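# Understanding the architecture of this molecule
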Amino acid sequence: MRVITGTARGRKLKTLEGLEVRPTTDMVKEAVFSIIQFRVPCASFLDVFAGCGQIGIEALSRGASRAVFVDSSRQSQEVIKENLNTTGLMKQARVIADDAVSFLAHAADRYDIVFLDPPYDGGFAERVLPLLERVLAPGGIVLYEHRLQEQLPEQAGGLVLKKNYRYGKIAVTTYIHAADAE
């Protein structure tokens, strides 16, 4: 796994081994950054269920001003830090040891782009989507990676579904503030 483009282009990223980890494929990563390409420069980026941090690191490499990585796994946190050091992007990053629901319920900051890649079939959508309204900056976007067959709600709190994208067996669903949809 490598950083695709930007200041850290070509740098190899470490990932965790095992069945609990499912890094975003290069095809989906490319597609996600095609969706948000004009939003990334100078954006604040939140990577929830960060895993090895590859999506947030890609955002930093492409010009995001800062990225916050949230993961409850100590192993994931260590791999994220190692990858940030390898890419030279640690100064613009913060790694938070917390579970997604707790972090989103108490976060004080707002983010222009929020990316979530929770464990599949874990029932996370109904728990985390309603919490995202309070952390998403006005004009911001949420990208939620999930199994194609998992149907996400049209509305979650003050957020509305903008568009679904399909990539084989994977889907990415985007949400924006309801006020931004008008």
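Here's what I pulled together on the structure shown here. Along each chain, numbering runs from 1 in the same order as the chain's sequence is written. Totals for whole chains, interfaces and linings use all residues, but because this is a predicted model, local features are given only for residues with pLDDT of at least 70 and pairs of side-chain atoms are given and counted only at 80 or more. Side-chain numbers here rest on the full set of heavy atoms in the structure, without hydrogens or water.

## Observations regarding the side chain of Asp 71
Short version of the rule: The helix count covers DSSP runs of H or I at least four residues long, the strand count covers runs of E at least two residues long, and both are numbered beginning at the N terminus. Two residues form a contact once any of their heavy atoms are found within 4.5 Å.
Among the structural elements, Asp 71 can be located in strand E2 (residues 66–71). Once residues within four sequence positions are removed from consideration, Asp 71 is found in contact with Phe 49, Ala 50, Gly 51, Ser 76, Gln 77, Ile 96, Ala 97 and Asp 98.

## Let's talk about the packing of aromatic side chains
Under the convention used in this document: Working definition: rings of Phe, Tyr and Trp (its six-membered ring) pair if their centres are within 6.5 Å, and the pair is stacked with planes under 30 degrees apart, edge-to-face with planes over 60 apart, and tilted otherwise. Accessibility here uses a 1.4 Å probe with only protein chains present; expressed as a share of the type maximum, an area under 20% marks a residue as buried, one over 50% as exposed, and anything in between as partly exposed.
Here the structure, examined in full by the defined rule, presents one aromatic pair. Between Phe 49 and Phe 124, the ring centres sit 4.9 Å apart and the planes meet at 70°, which makes this aromatic pair edge-to-face. Remark: Phe 124 occurs in the loop between strand E4 (111–116) and helix H5 (125–128) and Phe 49 occurs in the loop between strand E1 (44–48) and helix H2 (54–61); sequence separation between them is 75 residues. Here Phe 49 falls in the buried class, since its relative accessible area comes to 17%. Looking at Phe 124, the relative accessible area reads 19%, which means it is buried.

## A look at the pairing of E2
Heads up, the rule is: Note: two strands are recorded as paired if DSSP finds a minimum of 2 bridges between them. Assignment of crossover handedness uses the view with strands pointing away from the viewer, where a clockwise path from the first strand over the helix to the second indicates a right-handed crossover.
Within E2, five of the six residues are buried, which leaves the element mostly enclosed by the surrounding structure. Inspection of the sheet shows E1 paired to E2 by five bridges, in the parallel sense. Bridge pairing in E2 places Asp 47 opposite Phe 69. With respect to chirality, the unit in which E1 leads through H2 into the neighbouring parallel E2 is right-handed. As paired strands, E2 and strand E3 (residues 93–97) are joined by five bridges and run parallel to one another.

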